[in-house]
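Survey of secondary and tertiary structure
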Amino acid sequence: MISIFPNLLSGAVITLQLLVSSMFFGLIIGLIFAILRINKNPIINKFAYGYSYFFRGTPLLVQLYLIYYGLANIELLRNSFFWAIIKEPYWCAIIAFSLNTGAYTSEILRSAFQTIKKGYIEAAQSLGVTKKITFYRIQLPIAIKQSLPAYGNEIILMLKGTSLASVITIMDLMGEARKVNVLTFKPFEAFITAGIIYLFITFIIHNIIKYLEKKYGFQT
Amino acid sequence: MELLSFGDNGWGDELFLATLMTIAVSIAAMAIGFLFALIFTPLKLSKKKSLNIIGNCYTTIIRGVPELLVIYLLFFGGTGAAMYVASIFGYDGYIEINAFITGALAIGIISGAYSTEVFRGAILSIDKGQFEASKVLGIKKNIQFYKIILPQMLRLSIPNLSNVWQITLKDTSLISVTGLVEIMRQSYIAAGSTRDPLFFYSVAAVLYLMLTFLSMKLINKLEIKYSKGY
């Protein structure tokens, strides 16, 4: 069990890399689409809704396969500069995970935006604060604080989601565990050790979010 | 479009059967999850420390570990375990456990953890007066559970169970890695033999969207039906 530990740890580093980069891009995507969702224009609104409906209604595996196997089918993309990105499974995984978590994040942020009390915005308006500053200084910080618990869950769901990267040949924690299983025929050791590492990461994320909630939590 | 025609030339009938398989696995997994939830919810709510720990361990571990890991563990480990048990009874042949059973069991264990949390929340939100009133009336503990708590718990948990159903439905796509021919596996095969992954994975996405959409409609109806009285 100890001999397989270094292998699994090197996989865990890749898992964390995938998690951090897809959470980063996903947050940006989620923020953009959350703003589009609360837009009053019905076309923009419907577009953002369609995006989040598609990515929340289909399994992550389908999205991953669509991007990894599907996009390579498009002649136009293959001849363009994007091919350098799309041909790498690592970047395909990051694109798929970011789009997926972006959809969930946009829903979390949207509901946070919509539960902000009208009084705050009205107060800002009557004080003569411009719309832009109201958004950046009042609505956005409150929305982020309010959505912390739900966002913590999303990070943990995404951590579990990154294990799918092993299906498209990336040697993340799951991929390393599969390799150990194939090489040694000891499924229990390989997968249970990997499971313990996953649980450990979940535990750390959970506690960080708990700490942040305590420090920045917002009571209405 | 001819790729989707029914019969020997198209993949329509195969994909249709695969969709049925996905539905079957999801329902089986959901039912197994229900059983697990009915066992572990009382443990989680129990006042005894040891029982409590067992219940908490189940939900924490399953919800903290990737779904794929549970599937692999059952798929690769299950065969070994079954053969070990069989060897005790003197059977030394190779045993292969059915992919459907392993898949449904694996997804069932996962969905059970989520259902447990849902049931726990529902029971906790039942008014305390109900427990006290039935106690005062001298109703026995198990009759109290079956006749008073359980019906209310089920009704209260319908909205959250619909989320669990959606998660379960999407998780079944992961069983494809073990070779069970459901939507995902069938599109993988079709994409491989026609060299048109973009088309077939899009079809798979549409099929999943349809399933989630239709089941949402159905559950909404149930929710309206059973929320009468509130």
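Quick caveat, the model's predicted, so the values are computed rather than measured. (Residues numbered from 1 in each chain as written. Chains lettered and ligands numbered in written order. Predicted model: local features only at pLDDT ≥ 70, side-chain atom pairs only at ≥ 80, totals over all residues.)

Section: the overall build of chain B
Secondary structure summary: chain B contains eight helices and zero strands in total. The order of α-helices and β-strands along chain B, N terminus first, is α-α-α-α-α-α-α-α. Across its three principal axes, chain B shows a C-alpha extent of roughly 70 × 50 × 25 Å. Put simply, chain B has 230 residues, and 38% of those count as buried. Partitioning the intrachain contacts of chain B with sequence separation of at least 6 by distance along the chain shows that 73% fall at a separation of at least 24. (Helix = DSSP H or I, 4+ residues; strand = E, 2+ residues; numbered from the N terminus. Buried ≥ 20, exposed ≤ 12 C-beta atoms within 10 Å, placed from the backbone. Contact = placed C-beta atoms within 7 Å.)

Some thoughts on the overall build of chain A
When you go through chain A residue by residue, the secondary structure sums to 11 helices and zero strands. For chain A, the succession of helices and strands along the chain, N to C, is α-α-α-α-α-α-α-α-α-α-α. C-alpha extents for chain A along the principal axes are approximately 70 × 50 × 25 Å. Buried positions account for 38% of the 220 residues belonging to chain A. For chain A, contacts bridging at least 24 residues in sequence account for 79% of all contacts bridging at least 6.

Structural notes on the confidence of the model for chain B
Averaged over all residues, the pLDDT of chain B equals 88, while 98% of them reach at least 70. Reported for the predicted complex are a pTM of 0.89 and an ipTM of 0.87. (pLDDT = per-residue confidence, 0-100.)

Examining the packing of helix α3 (residues 60–70) of chain A against helix α6 (residues 89–114) of chain A
Residues and elements named next belong to chain A. Following both chains from N to C, one finds α3 and α6 inclined at 135°, their axes separated by 9 Å at the closest point. With respect to their mutual orientation, α3 and α6 come out oblique. The hand of the α3/α6 crossing is right-handed. Counting all contacts with α3, which are made through Leu-60, Gln-63, Leu-64, Ile-67 and Tyr-68, the residues of α6 involved are Pro-89, Cys-92, Ala-93, Ile-95, Ala-96, Leu-99 and Asn-100. Taken together, the residues that form the contact of α3 with α6 break down as 10 nonpolar, two polar and no charged. (Axes fitted to C-alpha atoms, helices over the stretch in contact; angles between N-to-C directions. Parallel < 35°, antiparallel > 145°, perpendicular 65-115°, else oblique. Left-handed = near helix turned anticlockwise from the far one by under 90°. Nonpolar A, V, L, I, M, F, W, Y, C, P; charged D, E, K, R; others polar.)

Focus: the environment of Leu18(A)
All names here are of chain A. Tracing the backbone shows Leu-18 in helix α1 (residues 5–37). Looking at Leu-18, the number of C-beta atoms within 10 Å reads 24, which means it is buried. If we skip the residues at most four places from it in the chain, Leu-18 touches Ala-93, Ile-94, Phe-97, Thr-162, Ala-165 and Asp-172.

Notes on helix α2 (residues 42–57) of chain A
Its 16 residues give α2(A) an end-to-end C-alpha distance of 21 Å, which sits within 8% of 22 Å, the value for a rise of 1.5 Å per residue. Of the residues making up α2(A), those classed as buried are Ala48(A), Ser52(A), Phe55(A) and Gly57(A). If you follow the buried residues of α2(A), they end up packed against α1, α3 and α6 of chain A together with α8 (197–226) of chain B. (Expected span 1.5 Å × (residues − 1).)

Details of the environment of Ile71(B)
Residues and elements named next belong to chain B. Mapped onto the elements of the fold, Ile-71 is located in helix α3 (residues 67–88). Residue class for Ile-71 comes out buried when judged on the 24 C-beta atoms lying within 10 Å of it. Sequence separation of Ile-71 and Pro-159 is 88 residues, and the distance between their C-alpha atoms is 27 Å.

Things to note about α8(B)
Since the α-helix packs 3.6 residues into each turn, any two residues three or four apart lie on the same face. Given a rise of 1.5 Å per residue, 30 residues ought to cover 44 Å, and the 43 Å separating the end C-alpha atoms of α8(B) matches this to within 8%. Its buried side turned inward, α8(B) meets α2 and α3 of chain A together with α1 (12–45), α6 (141–171) and α7 (183–194) of chain B.

Topic: unusual backbone geometry
Residues and elements named next belong to chain A. At Phe-185, a position not held by glycine, the phi torsion is positive, near 55°. Along the polypeptide, Phe-185 turns up in the loop between α10 (173–184) and α11 (187–216). Residue classification places Phe-185 among the exposed positions, given that 11 C-beta atoms sit within 10 Å.

Some points on the interface of chain B and chain A
It is common to give the size of an interface as the accessible area lost on bringing the parts into contact. Residue-level contacts link 28 residues of chain B with 27 residues of chain A. When contributions to the side of chain B that touches chain A are tallied by element, the ones reaching two or more residues are α2 (49–64), α3, α7 and α8 of chain B. Considering every element that reaches the side of chain B that touches chain A, the biggest residue donor is α8(B), with nine residues. Considered class by class, the residues forming the side of chain B that touches chain A number 19 nonpolar, six polar and three charged.

Overview of the packing of α2(B) against helix α4 (residues 99–124) of chain B
Each pair of packed helices can be described by the angle between their axes along with the distance between the axes. Residues and elements named next belong to chain B. Running from N to C, α2 and α4 point in directions that differ by 125°, and their axes come no closer than 9 Å. In terms of their interaxial angle, α2 and α4 are classed as oblique. The two elements α2 and α4 cross, and the hand of that crossing is left-handed. Across the interface between the two elements, Tyr-58, Thr-59, Ile-62 and Arg-63 from α2 touch Ile-109, Ile-110, Ala-113, Thr-116 and Glu-117 from α4. Tallied by class, the residues present in the contact of α2 with α4 amount to five nonpolar, two polar and two charged.

Some thoughts on the nonpolar core
Among the nonpolar cores identified, the biggest contains 93 residues, and Leu69(B), Ile71(B) and Ala204(B) are the most heavily contacted of them. The contacts of Ala204(B), once residues within four sequence positions are left out, are Val62(A), Ile183(B), Met184(B) and Ser187(B). Of all hydrophobic cores here, the second largest spans 12 residues; its members include Phe55(A), Tyr104(A), Ile108(A) and Tyr151(A). (Core = buried A, V, L, I, M, F, W, Y, C linked by C-beta atoms within 7 Å.)

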